Amino acid sequence: MVSKTHPAAELDTRFSSPDAAAVPWATARETLERAEIYWLATVRPDGRPHVVPLIAVWLDDALHFATGPGEQKAKNLAQNSHCAITTGCNSLSEGFDVVVEGRAVPVKDESTLQRLVDLYKSKYDWDYIVRDGTFYVVRFSRSPDNVRTAEQGQETLVYAIAPTKALGFGRGDTFSQTRWR
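Residues numbered from 1 in each chain as written. Predicted model: local features only at pLDDT ≥ 70, side-chain atom pairs only at ≥ 80, totals over all residues. Heavy atoms only, no water.

Student: Could you give an account of the side chain of Arg171, naming the residues involved and the relevant values?
Tutor: As for its position among the elements, Arg171 is in strand β10 (residues 148-171). In terms of polar contacts, Arg171 uses its side chain to reach the backbone carbonyl oxygen of Ser91, at 2.6 Å. Filtering out sequence-adjacent residues up to four positions away, Arg171 remains in contact with Cys89, Ser91, Leu92, Ser93, Glu94, Gly95, Phe96 and Asp97. (Helix = DSSP H or I, 4+ residues; strand = E, 2+ residues; numbered from the N terminus. Polar contact = N/O pair within 3.5 Å; in protein donor to acceptor, adjacent residues only side chain to side chain. Contact = heavy atoms within 4.5 Å.)

Student: Before we move on, could you go through unusual backbone geometry and cite the residues and values that matter?
Tutor: The phi dihedral of Asp60 falls on the positive side, at around 50°, and the residue is not glycine. Turning to its location among the elements, Asp60 is positioned in the loop between β4 (57-59) and β5 (62-67). For Asp60, a relative accessible area of 47% gives the class partly exposed. The residue Asp132 is not glycine, and still its phi comes out positive at about 55°. Structurally, Asp132 is set in the loop between β8 (128-131) and β9 (134-142). (Buried < 20%, exposed > 50% of the residue type's maximum accessible area, 1.4 Å probe, protein only.)

Student: Requested: an account of the side chain of Asn76, with residues and values cited.
Tutor: Within the secondary structure, Asn76 sits in helix α2 (residues 72-79). Assessed through its relative accessible area of 0%, Asn76 is described here as buried. Those residues in contact with Asn76 that lie beyond four places of it in its chain are Thr42, Val43, Arg44, Pro45 and His50.

Student: Outline the environment of Arg131, listing residues and values.
Tutor: As for its position among the elements, Arg131 is in strand β8. With a relative accessible area of 35%, Arg131 lands in the partly exposed category. Arg131 sits 23 residues away from Lys108 along the chain, and the two C-alpha atoms are 9.9 Å apart. Within polar-contact distance, the side chain of Arg131 engages the side chain of Asp132 at 3.2 Å. For Arg131, the side chain forms a polar contact with the side chain of Tyr136, separated by 3.4 Å.

Student: Now, about helix α3 (residues 110-124): what can you tell me, with residues and values included?
Tutor: The first and last C-alpha atoms of α3 sit 20 Å apart over 15 residues, in line with the 21 Å expected at 1.5 Å per residue. Among the residues of α3, those classed as buried are Thr112, Leu113, Leu116, Val117, Tyr120 and Tyr124. Buried positions in α3, seen along its axis, are confined to an arc of 150° and lie on one side of it. One or two positions beyond α3, positive phi appears at Asp125, with a value near 55°. (Expected span 1.5 Å × (residues − 1). Arc of directions from axis to C-beta.)

Student: Which residues make up the environment of Val117, and what values do they have?
Tutor: Mapped onto the fold, Val117 is located in helix α3. With a relative accessible area of 8%, Val117 lands in the buried category. Measuring from C-alpha to C-alpha, the distance between Val117 and Val57 comes to 9.8 Å, with 60 residues separating the pair along the chain. Setting aside its immediate chain neighbours within four residues, Val117 contacts Tyr128, Val130 and Phe135.

Laid out in structure tokens, this is it:
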């Protein structure tokens, strides 16, 4: 069955070992859910690429990330929402990398944002609060008598990238390249 949650997997034999098989979408989705660091590629208004590491969470068939409104990636996405986000490992002899292409869409729904706050807290121990359709970073400080207090920090924009195309690259004894549509 082919659907948004179970896209068709196609092995690209040109870039795969003779004994390779297409990797199921469930493996790619698990990689996207469990990764700690991702690399986001956006395009500057003059066409130059901009690539940065960031943290992200998987929810409702999309990767979600947060950024300050003054950061370069936010400025780039305001002009061109098309982007790619990747994760994987840096070993040639083993591993699995996933590349997701799509559009970064702002997330404003407060119930979705609250679910994302909970995911960021459980995955990264990262604290946000939701107010007026956006995240705010929670900053912690300690008083002279060592009491920990929280205060609202900077506004943070939240984006979702639902895959329009995804690629997986397996390494080890068998190399493979899988495309999901």
